[in-house]
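What the coordinates show
Below are the chains, spelled out letter by letter.
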Amino acid sequence: GIQVEQSPPDLILQEGANSTLRCNFSDSVNNLQWFHQNPWGQLINLFYIPSGTKQNGRLSATTVATERYSLLYISSSQTTDSGVYFCAVWESGGGADGLTFGKGTHLIIQP
Amino acid sequence: DTAVSQTPKYLVTQMGNDKSIKCEQNLGHDTMYWYKQDSKKFLKIMFSYNNKELIINETVPNRFSPKSPDKAHLNLHINSLELGDSAVYFCASTQAGEKYFGPGTRLTVT
């Protein structure tokens, strides 16, 4: 099956810093999503971005499908940005036809 | 206006018991899923259900069975619970595109 690798696995930053999280995937995909799992365990949709660039406030994402990677940018980090960021991809017709998740980037924003 | 909801949020039970987790979505989506998140935070698909077609991840034990009374609901039944079933279970739904997740149910088997 498809492999999804995220980097870095852990990241500790001071409030106000910027960061870039990377997601590499091993095969062509029909769908890619970024999620934020907050400290309470909720999975929050950040971006549905099979290709191209999207922005939402301080967050933006870019997927280059032909090169099989996606980037999540967080600017002016706040403590509420802490949590685990997951990249997940979907290859239609693969197994249970659901998302394959990476192992996540654990982000800690210190005040 | 909750999109995908699950009950209960927490479930503590003993080995050998049978339990169910309920999931409802009000998005009008055709496909629903169950995912399992283990203690290392790894999320893995368990089932997908679309128009009465069930696709099962081959690694899921047959003690787990999804049941869909209607298009908006996909419940998860677990028989003869084992310690290794302790995890957070997430329900999700989609309409051939972006997937939306419920808040999760933390299952602890003692």
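Residues numbered from 1 in each chain as written. Chains lettered and ligands numbered in written order. Predicted model: local features only at pLDDT ≥ 70, side-chain atom pairs only at ≥ 80, totals over all residues. Heavy atoms only, no water.

Some details on the nonpolar core
Trp34, Leu72 and Val89 of chain A are the most contacted members of the largest nonpolar core, which totals 22 residues. Residue assignment for this core shows that the elements contributing at least two residues are strand S2 (10-14), strand S3 (19-25), strand S4 (31-37), strand S5 (43-48), strand S7 (59-64), strand S8 (69-74), strand S9 (83-90) and strand S11 (105-110) of chain A. Leaving out residues up to four positions away in the same chain, Val89 of chain A has contacts with Ile2, Val4, Phe25, Val29, Asn31, Leu32, Gly98, Leu99 and Thr100 of chain A. One finds Met46, Phe47, Ala87 and Cys91 of chain B within the second-largest nonpolar core, a separate group that totals 20 residues. (Core = buried A, V, L, I, M, F, W, Y, C linked by side-chain atoms within 4.5 Å. Buried < 20%, exposed > 50% of the residue type's maximum accessible area, 1.4 Å probe, protein only. Helix = DSSP H or I, 4+ residues; strand = E, 2+ residues; numbered from the N terminus. Contact = heavy atoms within 4.5 Å.)

Looking at the sheet that holds strand S1 (residues 4-7) of chain A
What holds strands together in a sheet is hydrogen bonding between their backbones, with the strands either parallel or antiparallel. All names here are of chain A. The strand order across the open sheet built from 5 strands is S1-S3-S8-S7-S6, with neighbouring strands paired in antiparallel fashion. Edge strands, defined here as strands with exactly one partner in the open sheet, are S1 and strand S6 (52-56). Shown here is a sheet whose adjacent strand axes are inclined to one another by a mean of 15 degrees, direction ignored. Relative to S7, S6 is paired through 5 bridges, and the arrangement is antiparallel. By the bridge assignment, Thr53 is partnered in S7 with Thr62. (Pairing = 2+ DSSP bridges. Axes fitted to C-alpha atoms, helices over the stretch in contact; angles between N-to-C directions.)

Comments concerning the pattern of salt bridges
Applying the stated criterion across every chain, the model contains 5 salt bridges over all chains. When the shortest N-O distance is used, the salt bridge between Arg58 of chain A and Asp81 of chain A registers 2.9 Å. A residue pair is termed long-range when its members are at least 10 positions apart, and Arg58 of chain A in the loop between S6 and S7 and Asp81 of chain A in the loop between S8 and S9 qualify at 23 residues. Each of the salt bridges in this network shares a partner with another, and the network as a whole consists of Arg63, Glu82 and Asp85 of chain B. (Salt bridge = Lys/Arg side-chain N within 4 Å of Asp/Glu carboxyl O.)

Quick notes on unusual backbone geometry
Residues and elements named next belong to chain A. In this structure, the amide linkage connecting Ser7 to the following residue, Pro8, adopts the cis form with an omega of -10 degrees. Among the structural elements, Pro8 can be located in the loop between S1 and S2. A positive phi is found at Arg68, a non-glycine position, where the angle reads about 60 degrees. Within the secondary structure, Arg68 is located in the loop between S7 and S8.

Focus on the sheet that holds strand S1 (residues 4-7) of chain B
Residue and element names in this part refer to chain B. An order of S1-S3-S8-S7 is seen for the 4 strands of this open sheet, with the pairing classed as antiparallel. The two strands at the open ends of the sheet, each matched to only one other strand, are S1 and strand S7 (64-67). Ignoring which end each strand starts from, the neighbouring axes of this sheet average 20 degrees apart. With 3 bridges connecting them, strand S3 (residues 19-25) and strand S8 (residues 75-78) associate as antiparallel partners. Looking at S8, one finds that Lys19 is bridged to Ile78.

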